[in-house]
Amino acid sequence: MRKKQAEKRIVTLDPKYNDILVSRFINCILKEGKKHLARRIVYNAIESIEKKYKSTGLDVFRKALNNVKPLLEIRARRVGGATYQVPTEVREDRSIALAIRWLIRYASERKDKSMSEKLASELFAASNNEGSSIKKKEDTHKMAEANKAFAHFKW
C-alpha cells in the first residue's frame, strides 16, 4: 500500500433527532453547501411520514435503511488477463453509505411534487420492503449469487 488510509471523519449529531444516521443522510442530500435546505428536506420527509402513515418517522427511517443495506456486492478482480466479478461481503460503513445513496437516488427519480414528498414515499416503501431501492439491493444480491463460482478469487 503506497498511501496511508484516509481517517474517518466524525459526524456530528443532527440538532432535531440527535441521531448520527439522520446526520449522515442530511450530509448526502446536501448540494452546493446548502445544509439548511438539506435538513428541511429530511425533516419534512420524516414529519410527512408521521402525518400520512401514522407511525413514528424515525422508526420508519431506520427500518428503511436496514432493509436497503446490502450484505453482498460484486467487485471486479483481474486474474491472469481475465476480469472476474467476485462476490464480497460489504463492510457495515459501506453498506450504510450504499443504502443512503440508493434511497436518495431512487427518491429523486420518483414522480412526486417536492423532494421531501419523494423521500417520504421512498422511505415508507423501503420500510415495507418494496420500492426501487429494495429492488436495487435484490439485484445486487442476485448478481453476487450468480457469480458465487468466482468466490474463491477473493483474497
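A brief structural summary. Just so we're clear, the structure is a prediction, and the values are computed from it rather than from any experiment. (Residues numbered from 1 in each chain as written. Predicted model: local features only at pLDDT ≥ 70, side-chain atom pairs only at ≥ 80, totals over all residues. Heavy atoms only, no water.)

This part covers the packing of aromatic side chains. On inspection of all chains with the given rule, the structure shows three aromatic pairs. With a centroid separation of 5.7 Å and an interplanar angle of 70°, the aromatic rings of Y17 and Y43 are classed as edge-to-face. Taken together, the residues span a long stretch of sequence, with Y17 in the segment before α1 (20–29) and Y43 in helix α2 (residues 35–53) at a distance of 26 residues. Relative to F124, the ring of Y53 lies with its centre 3.6 Å away and its plane at 5°, an arrangement referred to as stacked. Linking Y53 in helix α2 with F124 in helix α5 (residues 115–127), this pair joins segments that are 71 residues apart in sequence. Residue classification places F124 among the partly exposed residues on the basis of a relative accessible area of 22%. (Phe/Tyr/Trp six-rings, centres within 6.5 Å; stacked < 30°, edge-to-face > 60°. Helix = DSSP H or I, 4+ residues; strand = E, 2+ residues; numbered from the N terminus. Buried < 20%, exposed > 50% of the residue type's maximum accessible area, 1.4 Å probe, protein only.)

Our next topic: α1. The set of residues buried in α1 consists of V22, S23, F25, I26 and I29. The buried residues of α1 occupy an angular sector of 160° when projected down its axis, which confines them to one face. The inward-facing, buried residues of α1 abut α2, α3 (57–68), α4 (92–108) and α5. Measuring from the backbone nitrogen of L21 back to the side-chain oxygen at the start of α1 gives 3.3 Å, which picks out D19 as the cap. (Arc of directions from axis to C-beta. Contact = heavy atoms within 4.5 Å. Polar contact = N/O pair within 3.5 Å; in protein donor to acceptor, adjacent residues only side chain to side chain.)

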